Amino acid sequence: MSDDQGILLFLGAGVVVLALIAVIGITSGRRKKKAGVASWSVTVDWIGDQPLLSSSDALLNDAWQWKQFQERYPIGSPVDSIRVGDETRTLHISRVSQGLRAGWPLAKAGFTAYFEEYEMSEFPVAFTVKADRGVVEVRLDDAGLTAVDASVTPVFSGPWSTLLFSNGPDLILTNDTGMIHVTLGQGGNDALEELVVKYGTLKQMHF
């Protein structure tokens, strides 16, 4: 083989390598771009007469999707054109939260954004419940949540800032005072679950 042929082969191999690198880079970039697209959409939903922004389902523990939701709806930001009764209003984000929406093997979560104009407007309120540890009623107010037994003795209590929940087949509530399991599907317990999701912090304890 002549020196010229060797040089040509070397140059040809270099071109092939560069082409492969370019193709891999483009493919990788497309994958990253696709992965960087929010997988959820948002609609206006309601708790009673209170509007809120609710996402479609996302994979549980997908930190990137949760971060994107928080960045899209930062605390204090205005949201225009929310229909409330007979008027259209601009409301302001007060908090965002996550809650469980589906079970094993592909547990999913939903994201919710709430409005300052309705913050703490639900309280005080109490729910008769079926639960362990003798709990018969759960009481909610601005300060936090208290669960009492039939003698009205507090069994579980604490501020919202320390309340962790998991809303799977039942509603698990936990903090430094212990843990209780509340049966879901009882009359009115849907509202209890919604308020716990709003003011507590999700900790997946079911799956």
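About the thresholds
Residues numbered from 1 in each chain as written. Predicted model: local features only at pLDDT ≥ 70, side-chain atom pairs only at ≥ 80, totals over all residues. Heavy atoms only, no water. Salt bridge = Lys/Arg side-chain N within 4 Å of Asp/Glu carboxyl O. Helix = DSSP H or I, 4+ residues; strand = E, 2+ residues; numbered from the N terminus. Core = buried A, V, L, I, M, F, W, Y, C linked by side-chain atoms within 4.5 Å. Buried < 20%, exposed > 50% of the residue type's maximum accessible area, 1.4 Å probe, protein only. Contact = heavy atoms within 4.5 Å. Pairing = 2+ DSSP bridges. Axes fitted to C-alpha atoms, helices over the stretch in contact; angles between N-to-C directions. Phe/Tyr/Trp six-rings, centres within 6.5 Å; stacked < 30°, edge-to-face > 60°.

(A) Main features of the pattern of salt bridges. Scanning all chains against the criterion turns up five salt bridges. We note a salt bridge from Lys 67 to Glu 71, for which the minimum N-O separation is 4.0 Å. Here the residue Lys 67 and the residue Glu 71 both occupy positions in helix H2 (residues 63–72), the gap between them amounting to four residues, near one helical turn.

(B) Summary view of the nonpolar core. Membership of the largest hydrophobic core comes to 31 residues, with the highest contact counts inside it found for Val 138, Leu 140, Leu 145, Leu 173, Leu 192 and Val 196. Where this core is concerned, the elements lending two or more residues are strand S6 (108–115), strand S8 (135–140), strand S9 (144–149), strand S10 (154–159), strand S12 (170–175), strand S13 (178–183) and helix H3 (189–199). When residues of this core are assigned to their parent elements, the largest contribution, five residues, is made by H3. Not counting residues within four places of it along the chain, the set of residues in contact with Leu 173 comprises Leu 145, Phe 156, Leu 163, Leu 164, Phe 165, Gly 178, Met 179, Ile 180 and Val 196. In terms of nonpolar packing, the next biggest core, distinct from the first, is built from 15 residues, Leu 53, Val 84, Ala 113 and Phe 115 among them.

(C) Fine view of the sheet that holds S8. Ordered in space as S7-S8-S9-S10, the four strands form an open sheet in which the pairing is antiparallel. Every interior strand has two partners, whereas the edge strands, strand S7 (125–128) and S10, have only one. For this sheet the average axis-to-axis angle between neighbouring strands, irrespective of direction, equals 15 degrees. Note: S8 against S9, five bridges, orientation antiparallel. Note on S9: the bridge partner recorded for Val 135 is Asp 149. Strand contacts of H3: S7, S8 and S9, with the helix running at about 130 degrees to S7, the strand carrying the most contacts.

(D) Expanded view of the packing of aromatic side chains. Per the stated rule, a full pass over the model turns up nine aromatic pairs. Between the aromatic rings of Trp 40 and Phe 69, the centroid separation amounts to 5.4 Å while the plane-to-plane angle is 70 degrees, which identifies the pairing as edge-to-face. Here Phe 69 lies in helix H2 and Trp 40 lies in the loop between helix H1 (3–35) and strand S1 (42–47), a separation of 29 residues in the sequence. Given the relative accessible area of 5%, Trp 40 is considered buried. The exposure class of Phe 69 is buried, given its relative accessible area of 0%.

(E) Structural view of H3. For H3, the tally of buried residues reaches eight of 11 residues, placing the bulk of the element in the interior. Three or more residues of H3 are buried, namely Asn 189, Leu 192, Glu 193, Leu 195, Val 196, Val 197, Lys 198 and Tyr 199.

(F) Quick peek at the sheet that holds strand S11 (residues 164–167). Reading across from one edge, S13-S12-S11-S14 is the order of the four strands in this open sheet, with mixed pairing throughout. Of all the strands in the sheet, the pair left with one neighbour each is S13 and strand S14 (201–202). Bridge count for S11 against S12 is four bridges, and the pairing is antiparallel. In the sheet register, Ser 166 faces S12, and the bridge partner there is Ile 172.

(G) Looking closely at the pairing of S10. Note that S9 and S10 share five bridges and pair antiparallel. Bridging from a neighbouring strand, Val 148 pairs with Pro 154 of S10. The turn linking S9 back onto S10 is made up of four residues, and Val 152 within it adopts a positive phi angle of 65 degrees.

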